[in-house]
Amino acid sequence: MSFSSTPARLTLLALLSATTVYCFYRSRRLKLLELSTNANPNPRSNGEPAVSIKRGKLFFVSQTGTSKTLARQLHDLLNSNGLSFELVDLKSYEPEDLAKESLVLIIASTWEDGKPPAGAEFFANWLAESADDFRVGSLLLSKCRFAVFGVGSRGYGDSFNAVARDFSRRLRGLGGNEILPIGEGDVDGGALDGVFEEWSREIVKALKVSGLENGISVEQSFNGGIGDDFYSDEDDDNEDDMESVVVDLEDIAGKAPFRKLGGATAETNGKLSNGPKEMVTPVIRANLEKQGYKILGSHSGVKICRWTKSQLRGRGGCYKHSFYGIESHRCMEATPSLACANKCVFCWRHHTNPVGKSWQWKMDDALEIVNSALDQHKKMIKQMKGVPGVTQERLAEGLSPRHCALSLVGEPIMYPEINTLVDELHTRRISTFLVTNAQFPDKIKMLKPITQLYVSVDAATKESLKAVDRPLFGDFWERFTDSLTALRDKHQRTVYRLTLVKGWNTEELDAYFELFSLGQPDFVEIKGVTYCGSSATSKLTMENVPWHADVKAFSEAIALKSKGEYEVACEHAHSCCVLLAKTDKFKVNGQWFTWIDYEKFHDLVASGKSFDSTDYMAATPLWAVYGAEEGGFDPVQARYRKERNHRPKP
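A quick note: this is a predicted structure, and the numbers were derived from the prediction, not measured. (Residues numbered from 1 in each chain as written. Predicted model: local features only at pLDDT ≥ 70, side-chain atom pairs only at ≥ 80, totals over all residues. Heavy atoms only, no water.)

**Q** Quick question: what am I supposed to make of the nonpolar core here?
**A** Proteins that are soluble and globular tend to have nonpolar side chains buried together. Counting 77 residues, the largest nonpolar core has Leu421, Val457, Tyr496 and Ile526 as the members making the most contacts within it. Ranked by residues supplied to this core, first place goes to helix H13 (residues 366-382) with seven residues. Setting aside anything within four residues of it in sequence, one finds Ile526 in contact with Leu498, Leu500, Val551, Phe554, Ser555, Ile558, Cys576, Cys577, Val578 and Leu580. Listed in part, the 27 residues of the second largest apolar core include Val104, Leu127, Leu140 and Cys144. (Core = buried A, V, L, I, M, F, W, Y, C linked by side-chain atoms within 4.5 Å. Buried < 20%, exposed > 50% of the residue type's maximum accessible area, 1.4 Å probe, protein only. Helix = DSSP H or I, 4+ residues; strand = E, 2+ residues; numbered from the N terminus. Contact = heavy atoms within 4.5 Å.)

**Q** I keep staring at a positive patch on the surface and nothing clicks. Help me out?
**A** Judged by side-chain charge, Lys294, Lys378, Lys379 and Lys382 come together as a positively charged surface patch. With three residues, H13 is the single largest residue contributor to the positive patch. Structurally, the position occupied by Lys379 is in helix H13. (Patch = residues over 30% accessible without salt bridge, like charges linked within 9 Å, V, L, I, M, F, W, Y side chains within 5 Å. Areas by Shrake-Rupley, 256 points an atom, 1.4 Å probe, with all protein chains shown as cover. Salt bridge = Lys/Arg side-chain N within 4 Å of Asp/Glu carboxyl O. Lys, Arg positive; Asp, Glu negative; His and termini not counted. Charge placed at Lys NZ, Arg CZ, Asp CG, Glu CD.)

**Q** Help me understand the sheet that holds strand E9 (residues 294-296), please; the structure alone is not making it clear to me.
**A** Backbone hydrogen bonds are what pair the strands of a sheet, in a parallel or an antiparallel way. Strand order in the open sheet formed by 10 strands is E9-E10-E11-E12-E13-E14-E15-E16-E18-E17, with mixed pairing between adjacent strands. Both outer strands of the open sheet, E9 and strand E17 (566-572), are each paired with one neighbouring strand and no more. Here the average twist between neighbouring strands, direction ignored, is 25°. Pairing analysis gives six bridges linking strand E15 (residues 493-500) to strand E16 (residues 523-528), with the strands arranged parallel. If you follow Tyr496 over to E16, its bridge partner there is Val524. (Pairing = 2+ DSSP bridges. Axes fitted to C-alpha atoms, helices over the stretch in contact; angles between N-to-C directions.)

**Q** Looking at this structure, I do not really get the state of the cysteines. What am I missing?
**A** Such a bond, covalent and formed between the sulfur atoms of two cysteines, is termed a disulfide. Tallying each qualifying case throughout the model produces zero disulfides. Looking at the unpaired Cys577, the closest cysteine sulfur is the one in Cys576, lying at 8.1 Å. (Disulfide = S-S within 2.5 Å.)

**Q** How do you make sense of the pattern of salt bridges when you look at a structure like this?
**A** Opposite charge on two side chains permits pairing when their charged atoms draw close. As enumerated under the stated definition, the model contains 24 salt bridges in all. Put simply, Asp550 and Lys502 hold a salt bridge, and the shortest N to O gap is 3.4 Å. Residue Asp550 is located in helix H20 (residues 548-561), and its partner Lys502 is located in the loop between E15 and helix H19 (509-519); the two are separated by 48 residues in the primary sequence. Each of the salt bridges in this network shares a partner with another, and the network as a whole consists of Asp132, Asp166, Arg169 and Arg170.

Spelled out as structure tokens, the structure:
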């Protein structure tokens, strides 16, 4: 044969390529045989399964610690049943050793965008590459029995438990024998503990049936094992019945039944047969109460603010006192919805509250929420009696709240009866400051008059908003811009609230200014992020907290860009906060009118007539104006400075 022609050369190249692939594949198979021989050096010749003493591996993939906690619970349960397992953090495990394992259990969390936590990325990539590489073959894990439990949030839609599902699929693709269907836990659905307990019991049952007590790992033939026995013909017969159960996730509080486990489903644990479940589960309640929240009914909360305590003691009020004239010691901080549609990196609650994209839970009566909030708030105020600086006069005033900040935690606008709740507060002549996270534009449009309506503007571009707010909605940017646009039609006071996070969103000056035209807000609050300590859910450090000088510089620059439409009106140095105000509305004859005439507001609401933000404005005192030597601190109050006794840096 002549190799000078093009067809001949191509034929030779094809033969060489095929030979190379064959040699690689054969060497890989020999390596697998070597591994299996090492794991089982004395296979029985009579066809019976070889038996060796070998501990199973219980892996966990965790970001916030939930999966790690569940893995420890399962580890204790397995040990108490004579099943020996080694508890291993997957980030410290060598994936190539997986072929040596005979029994593996994995508790896997799903993090942002359906991806695993950073510590498990290497393992996940290795698993995906191996499963997709035809040279590896489908028998790599043929001696490995496994089961996977996923921990995620159903609020993220299609990416719910994506990591656990992917692990299960990839392990099966490499020949692994799945001994139990994947379990799926929803951290925000309220049934995580019950679902995990059920799955754990089924794991123990499956392992005991297969004779794996006391650390004995039964090494069976390539096609035998627990997995084949578990999926019985009876299960196949019932497959159509399972497929016929059509569940709307929004209708059942974000908890669909997962695949059948011993005749039970997650419906039993979620108690869905009794109607919508409560938003606040025992775990969520315990976490929030530990942080000082008073839980009201099944989905609301109230907490006393540090500035309420401060002004009760005569030590100064919050920035809303300086900017708008509220009396901080008469302000109640509450929310009718502890749930939120975002998981912001600067969340004060470290994501201990539930999340959701729509109202999915049992709903409490608005009147009961207001009554309970006032009762709990007054109880907390009474606890201040006898505290140094608290006078009888201020204590009596504190027991008669005049303001309600609906911004405690979560997304208050999600509560279906938010208008009824606001009406109830206004009837009692309690002003309302409502903050929304700009993901529910339709809710903004249907809101009745609010004393002051805020929209959180945490970033100015689609990319940075996704990084900072970590929203649940896929169309989060459209919802965000629509929410800003909805403010234009509101006649009462509107505010953009900007939280500056150094290194995340402080370089987007031009993009921020472009957003001003959408909502044309009366005011723009610009505040430095508050550092709330380190957590697994947030990587922020003190390096991300801007100085007050940084906030002032940013505010002045954006005011300058507006060419006189907005000016810097007020500041509260203690809160690292600055206020921009619309010049043509709130600056009259050179004097600022950012404060609120609260009595006038309530009269206007009671009249039923239409009114706008200029109808209830009041003059701003000079000490609160930007550039005043007081820096926004009320001179009537006594300035208290804490002594700092930090250990000097080495």
